[in-house]
Amino acid sequence: MTNHQFCRDICIDRGEPLPGSGVAANRYALLHWPRRHWRVPRTQSAEMPVGLSDAIVKANEAGVHVALVDGDDIALSVDGKVLPVASHELAAEHLLHIASGGTLDCEPDTRITILCCTDSKQDPCCAKYGFSTWKALKEKADPTKFRVLQSTHLGGCRFAATLIVLPARQRYGRLESQAVPAFLEALSNGIPFLPAYRGNPMLDEARQVAEHAAFTYADGDGVREVELQESPELSRDPEKNAEFIAVMSSRRLRIRLARHSFEVNTRCDTITRGSSQAADRWQVVAVEPID
């Protein structure tokens, strides 16, 4: 891999930002499947029966992201509930139930779950950056507080190492192994780790960027909640600019954003094919305190 060009490195060089890319699935189902058996697509992974593949497809169609995971032996987990052991047939039955809006009637797991994409079948960035970050997480994370898993594709290979933290559904990117202790400390304290945080999945892209900017401005002040209001002084133009008033306790900020276009390579194989594409992203122009 020494001469390989990585889409992650290229997108960093082009200045593509992380904040604003925090969209996440409404629900996640974690199905244990040995990493050595992962394939692309995941529904055609080695030794996976047709019935289970079909159940994964139906769950995905219902808005449930089914990730194949490795790192422990828990058969299936959804919404903080775990099914320790399950046959392929039983796992498929539960996934179909979940696809129809059901839940797992199983024991709870109150730990924070960290999914780290190490899907080398999907992209080399996930192999290079994802695996080293996952190893650091396994080494540093307290297993009584954190459940750390390798995962199949989570989206955004160019943001490797890519992670999802459950149950908050927080997405992270470009998390390197040396940042893992600070990352775990932030999660333990119930706050996002801002250097790798992609944005609040409950907000649209512009508001994700504005909220991230407000948290960054107040970093170290213990702020845990930001209220965003449309600024009356500048009408939001979805094509060009946006302005928000961020309220944090007794502090108020005016946050101005502008939309810029970036050339991106979504995966490493697009580099050799010369098939980059344009992506419009919101960026912070100014953050000003309001008296």
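Residues numbered from 1 in each chain as written. Predicted model: local features only at pLDDT ≥ 70, side-chain atom pairs only at ≥ 80, totals over all residues. Heavy atoms only, no water.

Overview of unusual backbone geometry
At the junction of valine 40 and proline 41, the peptide bond is cis and its omega measures out at 0 degrees in the coordinates. Mapped onto the fold, proline 41 is located in the loop between strand 1 (27-32) and helix 2 (50-61). Along the chain, leucine 166 connects to proline 167 via a cis peptide bond; the corresponding omega equals 15 degrees. Within the secondary structure layout, proline 167 lies in the loop between strand 8 (163-166) and strand 9 (170-172). Non-glycine residue glutamate 47 carries a positive phi angle of around 65 degrees. Here glutamate 47 is to be found in the loop between strand 1 and helix 2. On the basis of relative accessible area, glutamate 47 is assigned to the exposed category, the value being 61%. Positive phi is not limited to glycine here, since aspartate 79 has a value of about 55 degrees. (Helix = DSSP H or I, 4+ residues; strand = E, 2+ residues; numbered from the N terminus. Buried < 20%, exposed > 50% of the residue type's maximum accessible area, 1.4 Å probe, protein only.)

Considerations on the packing of helix 4 (residues 124-140) against helix 5 (residues 180-188)
Packing of helix 4 against helix 5 brings their axes to within 10 Å, and their N-to-C directions diverge by 60 degrees. Of the possible angle classes, the one that applies to helix 4 and helix 5 is oblique. For helix 4 against helix 5, the interelement crossing comes out right-handed. Residues Thr133, Ala136, Leu137 and Lys140 of helix 4 pack against Val180, Phe183 and Leu184 of helix 5. Here the residues of the contact of helix 4 with helix 5 are counted per class, giving five nonpolar, one polar and one charged. (Axes fitted to C-alpha atoms, helices over the stretch in contact; angles between N-to-C directions. Parallel < 35°, antiparallel > 145°, perpendicular 65-115°, else oblique. Left-handed = near helix turned anticlockwise from the far one by under 90°. Contact = heavy atoms within 4.5 Å. Nonpolar A, V, L, I, M, F, W, Y, C, P; charged D, E, K, R; others polar.)

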